[in-house]
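Here is how the chains run, residue by residue.
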Amino acid sequence: MHVFFGKWLPGAKVPDRRKLSGAFLDAAVSTAHAATQSRARGQLATGASDGWRNIAKTNVITSTMTVGGQIDLVRTHDMTGRPKTGDEHAKIIRGDMEHMREVYEVRPIAWVTDDGPDGKGARNILRAEYPWLMTFVCWAHQSNLLAGDYLAWPIYRDTVNAALDIVRWFNNHSSALELFNKEQLYTYPDRTQPLVLILPNLTRWTTHVQSIGRLLLLARALQACVLRNKEQLLEIASKSQTDNAAVTARKVVASIEDSDFWRRLDRVEAHLKPLAVATNLLQATHTRLDHVLLTLANLYRIYNSDDVEPEIRVRMLDKLELRWKKGAGKDQDLFILAVFLNPYIRGYCFNREALAPADLYTMAENAFVRFFDCAPDFDFSDALVDYANCKAEFTDARMRLLGRQEQAERDQDVDLVSIWQSIDQSNDPGAICKGRNGVVKLAIRILSAIANSGGPERMFSDFGITHTKLRNRSSTELVHKTTTVRVSVRRENAATGHVRRRLKRKLGLDYEPQAAVDTTAATAEDELEIPYPDNEDGLLDFQQELVAAAIDSSEPDDIDQEDDNTGTIGSGANLLTRPATVDSAAATLSGPSTAGPLFLSAADLSAFQERQPRQRPARSSARPTRILLKDLFVYPPATTPVLNEALTHSSRVNRTGPGPI
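Each chain has its residues counted from 1, following the order in which its sequence is written. Totals for whole chains, interfaces and linings use every residue, but because this is a predicted model, local features are given only for residues with pLDDT of at least 70 and side-chain atom pairs only at 80 or more, for both listing and counting. No hydrogens and no water enter the side-chain calculation; it runs on all heavy atoms of the structure.

Novice: Give me the lowdown on unusual backbone geometry, citing residues and values where you can.
Specialist: Phi at E105 takes a positive value of approximately 60°, unusual for a residue other than glycine. Examined against the element boundaries, E105 turns out to sit in the loop between α3 (86-104) and β4 (107-113). Look at R346: it is not a glycine, yet its phi comes out positive at around 55°. Secondary structure counts use DSSP, requiring at least four H or I residues in a row for a helix and at least two E residues in a row for a strand, with both numbered from the N terminus. Residue position: R346 is located in the loop between α14 (332-340) and α15 (357-372). Overall, R346 belongs to the buried group, its relative accessible area being 0%. Partly exposed residues are those whose accessible area sits between 20% and 50% of the maximum for their type, while under 20% is buried and over 50% is exposed, using a 1.4 Å probe and protein chains only.

Okay, here's the thing in structure tokens:
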């Protein structure tokens with residue numbers, strides 16, 4: 001640095017490292033905090049917290065907040081000498097929420113943690129202390145655990161192990177890898193350079209599908225390499241100094257020569273790809289509650305197809321019900337309301353036999369009381385009916401849905417909160433409205449919540465850039481401040497166009513399991529290329545860790561031990577029994593040509609009000625909603641293999657015909 005300044009800015013005084021990491025860094029942090037406060041002041045915020053261990057083996061807990069789809073650091077706590085318990089985690093969250101109010105002047109409405117013992121305990125404590133606070137498990141982790149549920153199946157686990165052995169063996173033997181790379185260029189003459197074999201990384205949750213997809217893509221080249229150079233490959237292994245090198249090489253060669261292995265691997269990719277797409281969606285910075293429920297429903301529809309093997313179908317449907325039951329817990333009604341309050345969906349796609357209009361009224365009223373600590377008036381219920389029927393201020397034209405749908409078709413994100421804010425009739429964003437505008441306030445509140453803890457995970461990646469083996473004595477506070485400035489500078493560069501916007505990850509739309517086919521000749525398009533890491537620490541037991549985590553998370557919680565008749569709706573049916581569907585015109589998730597399965601009417605409202613005398617319900621009196629995933633929606637027939645866009649991208653639902661949307 002001294003040489004640079006001496007050449008280009010002679011005479012400039014270069015500050016030493018103490019000033020750079022002291023007064024100068026503090027000034028930059030203050031500037032970043034001021035910019036964040038100016039942008040986030042008065043808005044609703046979702047907090048998230050998670051733990052991390054740095055290169056010096058110091059445990060920390062970091063909190064972030066998400067406001068308007070942007071993530072900001074809140075505080076980082078050194079956990080040295082502090083217990084890793086739910087009480088301690090809850091204490092940290094209380095302090096961080098107060099810090100968010102004082103420093104950034106935001107209004108926390110939700111908090112997300114992982115499903116570890118301390119995170120789970122903290123959520124239970126916060127739910128009891130702050131009924132208005134929505135507490136969620138990280139749904140990106142839950143989606144990833146579904147892959148562990150799948151990999152616990154022995155036949156497919158062995159297939160994945162064999163595939164990873166192939167990747168690992170070639171990557172660890174440079175001579176064999178050189179032969180394979182030459183075979184790639186000969187087999188695929190249109191390529192100018194060979195593709196790498198990808199080893200999955202435990203912290204990158206979609207890389208197992210990328211790894212298998214790349215292996216299938218290069219199947220012909222691998223088979224040709226073994227066919228031409230089998231003896232030479234075995235000779236390369238014989239020169240290795242490890243004890244089982246020759247045995248491992250023979251196993252790798254046998255797997256490549258086995259056509260049944262490639263057929264099984266193709267089925268593994270077909271089974272795992274929907275989970276990769278779901279994980280990619282649920283780890284986004286703007287993942288809402290309706291994204292979660294619609295993604296789970298889409299996975300249920302996919303695995304309930306006749307194209308899926310019966311044993312996989314039974315297993316995955318059972319695990320999806322388990323994740324929905326455990327992950328949503330007592331807050332199933334919030335996820336259901338989030339789907340209903342998505343103006344592109346409203347009452348369509350729900351199964352009225354499991355979710356009656358009276359149940360929806362109850363959910364909306366209980367949520368209003370929980371968040372605002374007062375009961376809504378009769379105009380609130382009337383507004384719900386008008387919203388469901390696309391009337392008054394809730395018409396497509398007033399909410400400007402068509403223009404935003406065209407925005408979605410151009411592959412741009414649609415902000416549902418801004419749609420609702422455009423019809424908010426109150427002058428104060430924080431005002432409590434008991435009448436018609438109460439529906440708007442309720443929708444803004446629920447749709448503003450984020451359902452994953454991706455914020456801390458992204459910050460941990462930045463922490464790792466700062467706290468390295470060469471800088472392992474950096475304090476927790478210094479790493480936190482440096483990351484705060486780095487995030488701020490990165491955001492400024494993106495706003496001014498100095499850095500390219502990261503493109504959306506494309507895992508392909510043909511991700512539904514179809515009938516098994518022979519994939520000896522790879523014909524798939526090129527997958528996203530991920531650089532191979534320099535070392536394999538923490539990568540080799542990838543699927544074993546996933547399986548162990550999935551098994552641990554399948555243990556029953558105390559929340560699931562409640563009596564079945566406490567507020568249960570639509571329970572007691574076998575998981576594999578398809579729900580009774582309505583008429584064929586309504587048996588679709590992309591929208592019927594007439595009124596939807598859950599069509600609210602004034603008659604429903606009148607009957608509900610006669611049974612429910614108007615009085616202020618207590619916050620704690622609401623019973624949790626329990627509806628099975630298979631009963632909640634009207635699914636297409638199991639024989640339908642067509643991708644349903646309504647559940648993959650909830651903001652891009654296309655419907656035709658009259659009626660509310």
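This is not the end of the story, as more comes after the structure.
Novice: Describe the side chain of T58, and please don't skip the residues or the numbers.
Specialist: By the secondary structure assignment, T58 is in the loop between β1 (44-53) and β2 (59-67). When its relative accessible area of 19% is taken as the criterion, T58 is described as buried. Residues contacting T58, with those up to four places away along its chain left out, are W52, R53, D78, T80 and T476. Between two residues, a contact is recorded if the distance between any of their heavy atoms is within 4.5 Å.

Novice: Give a detailed account of the pattern of salt bridges, specifying residues and quantitative values.
Specialist: For this analysis, a salt bridge means a side-chain nitrogen from Lys or Arg found within 4 Å of a carboxyl oxygen belonging to Asp or Glu. Going through the model one piece at a time under the given rule, you end up with 26 salt bridges. Here D290 and R288 are joined by a salt bridge, their closest N and O atoms 2.9 Å apart. On the basis of relative accessibility, which here comes to 0%, the residue D290 falls in the buried class. Note that D331 and R370 form a salt bridge whose closest N and O atoms lie 2.9 Å from each other. Here R370 lies in helix α15 and D331 lies in the loop between α13 (310-328) and α14, a separation of 39 residues in the sequence. Overall, D331 belongs to the buried group, its relative accessible area being 3%.

Novice: I'd like a rundown of α3, residues and numbers included.
Specialist: Taking 1.5 Å of rise per residue, the 19 residues of α3 would be expected to cover 27 Å, and the 26 Å separating its terminal C-alpha atoms lies within 8% of that figure. Taken as a whole, α3 has its buried residues at G86, E88, H89, A90, I92, I93, D96, M97, H99, M100 and Y104. Among the structural elements, α2 (17-40), β1, β2, β3 (70-78), β4 and α4 (117-129) are those in contact with the buried residues of α3. With its phi angle positive at about 60°, E105 sits one or two positions after the end of α3. Working rule for helices: expected span equals 1.5 Å times residues minus one.

Novice: Describe the pairing of β2, naming the residues involved and giving the relevant values.
Specialist: In terms of burial, β2 is largely enclosed, as eight of its nine residues are buried. The sheet contact formed by β1 and β2 spans eight bridges and is antiparallel. Pairing of G51 across the sheet is with I61, part of β2. When DSSP finds two or more bridges between two strands, those strands count as paired. Linking β1 to β2, which pair antiparallel, is a turn of five residues; within it K57 sits at a positive phi near 65°. Relative to β3, β2 runs antiparallel, the two being bridged by eight bridges. Residue V60 lies in a different strand from β3, and its bridge partner there is D78. Counted along the chain from β2 to the antiparallel partner β3, the turn is two residues long, and its residue G68 has a positive phi close to 60°.

Novice: With reference to specific residues and values, describe the nonpolar core.
Specialist: We call a set of buried Ala, Val, Leu, Ile, Met, Phe, Trp, Tyr and Cys residues a nonpolar core when their side-chain atoms join them within 4.5 Å. Grouped together as the largest cluster of nonpolar side chains are 127 residues, with contacts concentrated most on F170 and W420. Beyond its immediate stretch of four places on either side in the chain, F170 contacts A176, L177, F180, L197, L222, V252 and I256. Of all hydrophobic cores here, the second largest spans 17 residues; its members include A90, I93, Y104 and L133.

Novice: Just give me the short version of the sheet that holds β2, but keep the residues and values in it.
Specialist: Across the sheet, which stays open at both edges, the five strands sit in the order β3-β2-β1-β4-β5 with mixed pairing between neighbours. Only two strands of the sheet have a single neighbouring strand rather than two, namely β3 and β5 (134-137). With direction set aside, neighbouring strand axes in the sheet form an average angle of 25°. With four bridges connecting them, β4 and β5 associate as parallel partners. What sits directly across from W111, in β5, is T135. Whenever a helix is involved, its axis is fitted only over the stretch in contact; in every case the axis is a line through C-alpha atoms, and angles between N-to-C directions fall within 0 to 180 degrees.

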